[in-house]
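Geometric and topological summary
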Amino acid sequence: MRSRNPDVIFRDIERSIERAVDTLFSDINRDSRKLTPIRTGFARSQWRKTGKYRLGETGVKVENLAPYIAILDTGTSRQAPAGIVQPVLDQLLRRRTRL
């Protein structure tokens, strides 16, 4: 049985939001890694999701430490001519709006 206590309900809502946002960041990281062109594999291996999302904090991010990732993200590779991040975000938005 679910609680009727407003504090418990609010905490459950917060946890659900945190889980959903954290999952979104994990999906961005996973899909960006998949879409990153492979020549040596270095750029693909440099994707990282750091931190865990908590309401009111900004401690989570997805980053790539390859020095040339910005060049790849502009679409200079034939393997990812539309870039990396924008197509990933577009795909995730389409997937999420269908829910």
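Parameters at a glance
Residues numbered from 1 in each chain as written. Predicted model: local features only at pLDDT ≥ 70, side-chain atom pairs only at ≥ 80, totals over all residues. Heavy atoms only, no water. Helix = DSSP H or I, 4+ residues; strand = E, 2+ residues; numbered from the N terminus. Buried < 20%, exposed > 50% of the residue type's maximum accessible area, 1.4 Å probe, protein only. Contact = heavy atoms within 4.5 Å. Expected span 1.5 Å × (residues − 1). Polar contact = N/O pair within 3.5 Å; in protein donor to acceptor, adjacent residues only side chain to side chain. Core = buried A, V, L, I, M, F, W, Y, C linked by side-chain atoms within 4.5 Å. Phe/Tyr/Trp six-rings, centres within 6.5 Å; stacked < 30°, edge-to-face > 60°. Patch = residues over 30% accessible without salt bridge, like charges linked within 9 Å, V, L, I, M, F, W, Y side chains within 5 Å. Areas by Shrake-Rupley, 256 points an atom, 1.4 Å probe, with all protein chains shown as cover. Salt bridge = Lys/Arg side-chain N within 4 Å of Asp/Glu carboxyl O.

Time to look at the side chain of serine 32. Its place among the elements puts serine 32 in helix H1 (residues 6-35). Under the relative-accessibility criterion, serine 32 is labelled buried at 1%. Beyond its immediate chain neighbours, meaning those up to four positions away, serine 32 contacts Trp47, Ile84 and Val88.

Counted at 1.5 Å a residue, the expected span for H1 with its 30 residues is 44 Å, and the 43 Å between its end C-alpha atoms agrees. For H1, the side-chain oxygen to backbone nitrogen distance between the N-cap and aspartate 7 is 2.8 Å, and the N-cap itself is asparagine 5.

Time to look at the nonpolar core. Nonpolar side chains in soluble globular proteins tend to end up buried together. In this structure, Ala43, Trp47, Ala66, Ile69, Leu72 and Ile84 together form the largest nonpolar core, which totals six residues. Among all residues touching isoleucine 84, those that are not within four sequence positions of it are Ser32, Leu35, Thr36, Pro37, Trp47, Ile69, Leu72 and Asp73.

The next subject is the packing of aromatic side chains. Going through the model one piece at a time under the given rule, you end up with one aromatic pair. Both rings, one in phenylalanine 42 and one in tyrosine 68, keep their centres 6.4 Å apart while their planes meet at 40°; by these two values the pair is tilted. Residue phenylalanine 42 is located in helix H2 (residues 42-45), and its partner tyrosine 68 is located in the loop between strand S2 (61-64) and helix H3 (69-73); the two are separated by 26 residues in the primary sequence. What makes phenylalanine 42 partly exposed here is its relative accessible area of 36%. Since its relative accessible area comes to 31%, tyrosine 68 is described here as partly exposed.

Before going further, it helps to examine a nonpolar patch on the surface. Residues Ile9, Ile13, Ile17 and Leu55 make up a contiguous nonpolar surface patch of roughly 300 Å² in combined accessible area. Tracing the backbone through its elements, the reader meets isoleucine 17 in helix H1. Taking relative accessible area as the criterion, isoleucine 17 reaches 38% and is therefore assigned partly exposed.

Okay, the pattern of salt bridges next. Per the counting criterion, the structure on display carries seven salt bridges. Across the salt bridge formed by lysine 52 and aspartate 22, the nearest N and O atoms sit 3.5 Å from each other. Here lysine 52, found in the loop between strand S1 (47-50) and S2, pairs with aspartate 22, found in helix H1; they are 30 residues apart in sequence, far enough to count as distant. Between glutamate 63 and lysine 61 there is a salt bridge; the shortest N-O distance is 3.6 Å. Beyond isolated ion pairs, a larger network of salt bridges with shared partners links Asp27, Arg30, Asp31 and Arg95.

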